[in-house]
Amino acid sequence: MNHTDPIQNPRLPTHCPACSAALQVARLDCTECDTAVLGGFDLPPLARLAPDDQTFVLCFLQTGGNLKHMAKLYGVSYPTLRNRLDALVEQLGPLEEAEGPKDTLGKVEQE
């Protein structure tokens, strides 16, 4: 099976095929109990990235953000890789307050 075949591995569309406007998620379904949630939900910022940019972000996370290691994996110079990362950061834009980090990082929940 070819994992890059779009028929075998469909990608979540992010733009309308007719007019190119950004798409929203309108329905979520539970595979266990058939509950459906209807509404207009924006795609998360990372889901709006092109597939190759999503792969880049995943590689960034899997290497612990080690750009020197990533440069070796991609076979490019560190500055080239840094420029690509900077372009992605700019494309994603500033964190919205709702998307920003929460102050619970590192805290243990009390039961």
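The present account deals with the structure reproduced in this document. (Residues numbered from 1 in each chain as written. Predicted model: local features only at pLDDT ≥ 70, side-chain atom pairs only at ≥ 80, totals over all residues. Heavy atoms only, no water.)

1. Topic: the overall build of the protein
Moving on, step 1. Tallying secondary structure elements over the protein gives three helices and two strands in all.
Moving on, step 2. Burial status across the protein gives 14% buried among its 111 residues.
Moving on, step 3. In the protein, the proportion of contacts linking residues at least 24 apart, taken out of those at least 6 apart, comes to 29%.
Moving on, step 4. Surface exposure of the protein reaches about 9,300 Å², of which carbon and sulfur atoms provide 57%. (Helix = DSSP H or I, 4+ residues; strand = E, 2+ residues; numbered from the N terminus. Buried < 20%, exposed > 50% of the residue type's maximum accessible area, 1.4 Å probe, protein only. Contact = heavy atoms within 4.5 Å. Areas by Shrake-Rupley, 256 points an atom, 1.4 Å probe, with all protein chains shown as cover.)

2. Considerations on the environment of Phe41
Moving on, step 1. Along the chain, the position of Phe41 falls in strand E2 (residues 36-42).
Moving on, step 2. The exposure class assigned to Phe41 is partly exposed, which follows from its relative accessible area of 32%.
Moving on, step 3. Residues Phe41 and Gln24 lie 17 residues apart in sequence; the distance between their C-alpha atoms is 5.6 Å.

3. Some remarks on the nonpolar core
Moving on, step 1. Of all hydrophobic cores here, the largest spans 10 residues; its members are Leu49, Phe56, Val57, Cys59, Leu67, Met70, Ala71, Leu81, Leu85 and Leu88.
Moving on, step 2. At the level of secondary structure, the elements contributing two or more residues to this core comprise helix H1 (51-62), helix H2 (67-74) and helix H3 (78-92).
Moving on, step 3. Every residue in contact with Leu85, bar those within four places of it in the chain, is listed here: Phe56, Phe60 and Leu67. (Core = buried A, V, L, I, M, F, W, Y, C linked by side-chain atoms within 4.5 Å.)

4. Looking at a nonpolar patch on the surface
Moving on, step 1. Taken together, the side chains of Leu28, Val37 and Phe41 define a hydrophobic patch exposed on the protein surface, amounting to about 240 Å² of accessible area.
Moving on, step 2. Note on placement: Val37 falls in strand E2. (Patch = residues over 30% accessible without salt bridge, like charges linked within 9 Å, V, L, I, M, F, W, Y side chains within 5 Å. Salt bridge = Lys/Arg side-chain N within 4 Å of Asp/Glu carboxyl O.)

5. Digging into unusual backbone geometry
Moving on, step 1. The phi dihedral of Ser20 falls on the positive side, at around 70°, and the residue is not glycine.
Moving on, step 2. On the secondary structure map, Ser20 appears in the segment before strand E1 (24-29).
Moving on, step 3. For Ser20, a relative accessible area of 54% puts it in the exposed group.

6. Details of the environment of Gln54
Moving on, step 1. With respect to the helices and strands, the residue Gln54 is situated in helix H1.
Moving on, step 2. Taking the C-alpha atoms as reference points, Gln54 and Leu88, separated by 34 residues in sequence, lie 9.8 Å from one another.
Moving on, step 3. With residues near it in sequence (within four places) discarded, Gln54 still touches Arg11, Leu46, Ala47 and Leu49.

7. Some thoughts on the packing of aromatic side chains
Moving on, step 1. The full count for this structure, using the stated rule, is one aromatic pair.
Moving on, step 2. Judged by centre distance (5.6 Å) and plane angle (55°), the ring pair of Phe56 and Tyr74 falls under tilted. Placement of the pair is Phe56 in helix H1 and Tyr74 in helix H2, with a sequence separation of 18 residues.
Moving on, step 3. A relative accessible area of 32% places Tyr74 in the partly exposed class. (Phe/Tyr/Trp six-rings, centres within 6.5 Å; stacked < 30°, edge-to-face > 60°.)

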